[in-house]
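Commentary on secondary and tertiary structure
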Amino acid sequence: MPQTIRGSITAEGHEITITNPDKLLWPERGITKKIYLQKLAALSPYLLRYCRDRLLTVIRYPHGVPGMSFYQKNAPEPLPEFVRTAVHENITYIVLQSLPELLWLGNLAALEFHPSLHYAGSQLPCEWMIDLDPSLEVEPRIMEAASTVGEVLKSLGLASVPKTSGATGVQIIVPVEPGVTFDGLRRIGHFVGRYVTEKRPDLFTLERLKKHRGDKIYFDYLQHYGGKTLAAPYTPRARPLATVSTPLLWEEVQRGVTPADFHLLNIEERLARMGDLIAGVPPQPVGNIIAKLP
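Remember, predicted model here, so these are calculated numbers, not experimental data. (Residues numbered from 1 in each chain as written. Predicted model: local features only at pLDDT ≥ 70, side-chain atom pairs only at ≥ 80, totals over all residues. Heavy atoms only, no water.)

**Quick look at the overall build of the protein**
Looking only at helices and strands, the protein features seven helices and 14 strands. With respect to the three principal axes, the spread of C-alpha positions in the protein is 60 × 40 × 40 Å. A burial count over the protein gives 54% of its 294 residues as buried. Long-range pairs, those at least 24 residues apart, make up 67% of the contacts in the protein between residues at least 6 apart in sequence. Only carbon and sulfur atoms are counted for the fraction: they give 52% of the accessible area of the protein, which is about 13,400 Å². Considering the protein, the positive charge centre built from 32 side chains and the negative charge centre built from 30 side chains are found 2 Å apart. (Helix = DSSP H or I, 4+ residues; strand = E, 2+ residues; numbered from the N terminus. Buried < 20%, exposed > 50% of the residue type's maximum accessible area, 1.4 Å probe, protein only. Contact = heavy atoms within 4.5 Å. Areas by Shrake-Rupley, 256 points an atom, 1.4 Å probe, with all protein chains shown as cover. Lys, Arg positive; Asp, Glu negative; His and termini not counted. Charge placed at Lys NZ, Arg CZ, Asp CG, Glu CD.)

Here's what the structure looks like:
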């Protein structure tokens, strides 16, 4: 049996045990657990903003990428006293509030963070998120598709922020005023999706079954709903290049950046330079548009 190397770090007054700090989590990037925890700490002011008070699902990779993985919804036992939980539909979720919890999850090789789209105890969406999901593993048109959707939202008077999923897709985030419902967002999502699909039938599809999509990009307005999750802004992704789900400027979208451009080894510098691009967009009057839909 290999010896388990243990250490600990202290964050906000809490001591967190760290096991196997030299374990490679992203071999292609040379990122060990120790480096990962350092990067998580740097990401924490941004990542926590979009996980706080929400029900958290994580994806754990005990042996690193590309090893076996599992989704974890139920909080693992034993739980440190600083970890907050909430019960929803008989599942005890972690509610990720602070740096100690984030580092504790990082030590468990939680490499992806997928929060609920509503706050714990609420049935209302926190924001509107459109998911553009390529059918191809490498899709050079994904930024063209995102730009097309962004222009439609702009024509409706809505400001939005695109972000890489960190995998192959792009999500477009629209902050919403309180009171908008998931059903309302599905209505406007279907409206916009149908419009872009009719405008660019070569590029978009509303077909849910991947085998029937061909090479088109799926405009997924259904994933944004109660009980579902999407990758949080600023979450790392368990992809070989250690990509991070990164909010973008629309100019970057038009320039054709790729999800692989943003990863754990360069995200810190970007955030120091640009800050949180989502936080600068105020809640948008989505409800007014929904009320006018036929």
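**Points about the side chain of Asp-220**
With respect to the element layout, Asp-220 can be found in strand 14 (residues 217–220). Of the buried charged residues, Asp-220 lacks a salt bridge, with Arg-213 as the closest side chain of opposite charge at 6.3 Å. At 3.0 Å, the side chain of Asp-220 and the backbone nitrogen of Leu-222 are in polar contact. Residue contacts for Asp-220: discarding those within four places in its chain leaves Ile-130 and Asp-131. (Salt bridge = Lys/Arg side-chain N within 4 Å of Asp/Glu carboxyl O. Polar contact = N/O pair within 3.5 Å; in protein donor to acceptor, adjacent residues only side chain to side chain.)

**What about the packing of aromatic side chains?**
Tallied over the full model, the rule gives four aromatic pairs. When the ring of Trp-26 is compared with that of Tyr-36, the centres are 5.1 Å apart and the planes differ by 65 degrees; the resulting orientation is edge-to-face. In this pair, Trp-26 sits in strand 3 (residues 24–26) while Tyr-36 sits in helix 1 (residues 33–47), placing the two residues 10 residues apart along the sequence. In this pair, the class of Trp-26 matches that of Tyr-36, namely buried. Ring geometry for Tyr-50 versus Tyr-234: centroids 6.2 Å apart, planes at 35 degrees, classification tilted. Here the residue Tyr-50 occupies a position in the loop between helix 1 and strand 5 (54–60), and Tyr-234 occupies one in the loop between strand 14 and helix 5 (250–255), the gap between them amounting to 184 residues. On the basis of relative accessible area, Tyr-50 is assigned to the buried category, the value being 10%. Judged by its relative accessible area of 1%, Tyr-234 is buried. Taken together through their ring pairs, the aromatic side chains of Tyr-46, Tyr-50 and Tyr-234 make up a single cluster. (Phe/Tyr/Trp six-rings, centres within 6.5 Å; stacked < 30°, edge-to-face > 60°.)

**Observations regarding the sheet that holds strand 12 (residues 170–175)**
Across the sheet, five strands lie side by side as 11-12-10-14-13; this open sheet has mixed pairing. Looking at which strands have only one partner, the edges of the open sheet turn out to be strand 11 (161–164) and strand 13 (204–205). Pairing between strand 11 and strand 12: four bridges, direction antiparallel. Of the residues in strand 12, the one forming a bridge with Lys-163 is Gln-171. Contacts from helix 4 (residues 182–199) reach strand 10 (127–134), strand 13 and strand 14, with the element oriented near 40 degrees to strand 10. (Pairing = 2+ DSSP bridges. Axes fitted to C-alpha atoms, helices over the stretch in contact; angles between N-to-C directions.)

**A short note on helix 4**
With 18 residues, helix 4 should cover 26 Å at 1.5 Å per step; its first-to-last C-alpha distance of 25 Å lies within 8% of that length. Among the residues making up helix 4, those that are buried are Phe-182, Gly-184, Leu-185, Ile-188, Gly-189, Val-192, Gly-193, Val-196 and Thr-197. Where the residues of helix 4 are buried, they touch strand 9 (110–119), strand 10, helix 3 (142–155), strand 13, strand 14 and helix 7 (286–292). (Expected span 1.5 Å × (residues − 1).)

**Thoughts on the pairing of strand 5**
Most of strand 5 is tucked away: seven of the seven residues are buried. In the sheet, strand 5 pairs with strand 9 via six bridges, with the strands oriented antiparallel. Note on strand 9: the bridge partner recorded for Arg-54 is Tyr-119.

**Quick notes on the packing of helix 1 against helix 2 (residues 99–107)**
Following both chains from N to C, one finds helix 1 and helix 2 inclined at 145 degrees, their axes separated by 10 Å at the closest point. Two packed elements cross with a definite hand, and for helix 1 against helix 2 that hand is right-handed. Contacts between helix 1 and helix 2 involve Lys-33, Tyr-36, Leu-37, Leu-40, Ala-41, Ser-44 and Leu-47 from the first element and Leu-99, Leu-102, Leu-103, Gly-106 and Asn-107 from the second. Of the residues assigned to the contact of helix 1 with helix 2, the class counts are eight nonpolar, three polar and one charged. (Left-handed = near helix turned anticlockwise from the far one by under 90°. Nonpolar A, V, L, I, M, F, W, Y, C, P; charged D, E, K, R; others polar.)

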